[in-house]
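Overview (structure and organization)
One-letter residues, chain by chain:
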Amino acid sequence: AVVIVIVLCFTVYTSVFTVDPEERAVVLKFGKAREQLVDQGLHFKLPFYIEQEYKVPVERQLKLEFGFRTAGNETRTQYSQTQYADNSFAAESLMLTGDLNVASIEWVTQYTISEPVKYLFRVRNVDQTFRDMNEAVLREIIGDRTINEVLTIGRGEIQNLAKDKLSKLCEDYKLGIVVNQVILQDVAPPE
């Protein structure tokens with residue numbers, strides 16, 4: 001009787017799942033994705049991991065931070081300016097301009113996930129790929145401008161051009177991501 005109760009409980013545990021309002025779920029059956037995404041609510045699937053669900057926050061606006069990290073956001077947002085162990089903080093914020101000057105640039109990219117199947121299964125490690133694409137695009141744009149353009153009048157143009165180039169790359173790579181905004185937070189000469 002105990003074994004039957006355990007098997008029954010495990011069957012129920014592996015066949016029921018919930019999807020939050022801001023999420024959509026992709027259900028795989030023997031490793032192949034279903035055609036339809038699963039909307040919010042309580043749902044059933046085949047038990048014993050015959051079907052598996054992967055939840056993706058499609059309604060949430062996500063962000064990547066470059067040159068700084070948000071440490072906390074209780075009543076007042078706190079930012080971390082510490083150097084990371086692999087020195088990636090310094091590496092991602094320092095850029096060479098077209099007139100061979102160095103600028104320290106901190107920026108945020110805001111995006112949403114538009115196609116969960118592509119986001120999950122089209123590119124391996126999509127988050128790191130998208131982060132690398134951001135750095136490459138901004139380095140290319142900053143490298144074509146003088147330090148005066150970067151520090152003063154060219155910020156709006158740089159933001160718009162970065163958003164357009166990132167959107168095109170996301171389409172080419174089929175990441176399932178829509179770039180909403182690229183915001184230059186702080187542009188300054190390095191210390």
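Residues numbered from 1 in each chain as written. Predicted model: local features only at pLDDT ≥ 70, side-chain atom pairs only at ≥ 80, totals over all residues. Heavy atoms only, no water.

Looking now at the sheet that holds strand S5 (residues 51-56). Across the sheet, three strands lie side by side as S3-S2-S5; this open sheet has antiparallel pairing. Strands with a single pairing partner mark the edges of an open sheet, and in this sheet they are strand S3 (32-33) and S5. Here two bridges tie strand S2 (residues 24-29) to S3, and the two strands are oriented antiparallel to one another. Residue pairing across strands places Leu 28 opposite Ala 33, the latter belonging to S3. (Pairing = 2+ DSSP bridges. Helix = DSSP H or I, 4+ residues; strand = E, 2+ residues; numbered from the N terminus.)

Our next topic: helix H4 (residues 126-143). The end-to-end C-alpha separation of H4 is 25 Å, in line with the 26 Å expected for 18 residues at 1.5 Å each. Burial in H4 covers these residues: Val 126, Thr 129, Phe 130, Arg 131, Met 133, Asn 134, Glu 135, Val 137, Leu 138, Ile 141 and Ile 142. (Expected span 1.5 Å × (residues − 1). Buried < 20%, exposed > 50% of the residue type's maximum accessible area, 1.4 Å probe, protein only.)

The next subject is the side chain of Glu 65. The topology assignment puts Glu 65 in strand S6 (residues 62-66). Taking relative accessible area as the criterion, Glu 65 reaches 9% and is therefore assigned buried. Among the polar contacts made by the side chain of Glu 65, one reaches the side chain of Lys 63 at a distance of 3.2 Å. There is a polar contact of 2.2 Å between the side chain of Glu 65 and the side chain of Thr 70. (Polar contact = N/O pair within 3.5 Å; in protein donor to acceptor, adjacent residues only side chain to side chain.)

To continue, consider the environment of Thr 109. Assignment of secondary structure puts Thr 109 in strand S10 (residues 102-113). Discounting residues that sit within four places of it in the chain, Thr 109 has contacts with Leu 62, Lys 63, Leu 64, Phe 66, Phe 130, Asn 134, Leu 166, Val 179, Gln 181 and Val 182. Only 2.6 Å separates the side chain of Thr 109 from the side chain of Asn 134, close enough to count as a polar contact. (Contact = heavy atoms within 4.5 Å.)

With that out of the way, let us pick up helix H6 (residues 155-173). If you check H6, its first and last C-alpha atoms are 27 Å apart, about what 19 residues at 1.5 Å a residue would give, namely 27 Å. Of the residues making up H6, those classed as buried are Ile 158, Ala 162, Leu 166 and Cys 170. Along the long axis of H6, the arc covered by the buried residues comes to 95 degrees, so they all point the same way. Downstream of H6 by one or two residues, Lys 174 has phi in the positive range, about 55 degrees. (Arc of directions from axis to C-beta.)

We now examine the pattern of salt bridges. Considering all chains together, one arrives at 13 salt bridges under this definition. Measuring nitrogen to oxygen at the nearest pair gives 2.7 Å for the salt bridge that ties Arg 69 to Glu 92. Pair noted here: Arg 69 is in strand S7 (residues 69-73) and Glu 92 is in helix H2 (residues 88-93), with a separation of 23 residues, a long-range link. Linking Lys 168 and Asp 172 is a salt bridge whose minimum nitrogen-to-oxygen distance equals 3.2 Å. Residue Lys 168 and its partner Asp 172 are located together in helix H6, separated by four residues, close to a single helical turn. (Salt bridge = Lys/Arg side-chain N within 4 Å of Asp/Glu carboxyl O.)

Within the largest apolar cluster, 32 residues are counted, with the highest numbers of intra-cluster contacts made by Ile 105, Trp 107, Phe 130, Leu 138, Leu 175 and Ile 177. Elements that contribute at least two residues to this core include exactly S6, S10, H4, helix H5 (147-151), H6 and strand S11 (177-188). Top element by residues in this core is H4. It accounts for seven residues. When sequence neighbours within four positions are dropped, the list of residues in contact with Leu 175 reads Lys 118, Tyr 119, Val 123, Val 126, Phe 130, Met 133 and Cys 170. (Core = buried A, V, L, I, M, F, W, Y, C linked by side-chain atoms within 4.5 Å.)

Remember that the coordinates give geometry; whether it matters functionally is a separate question.
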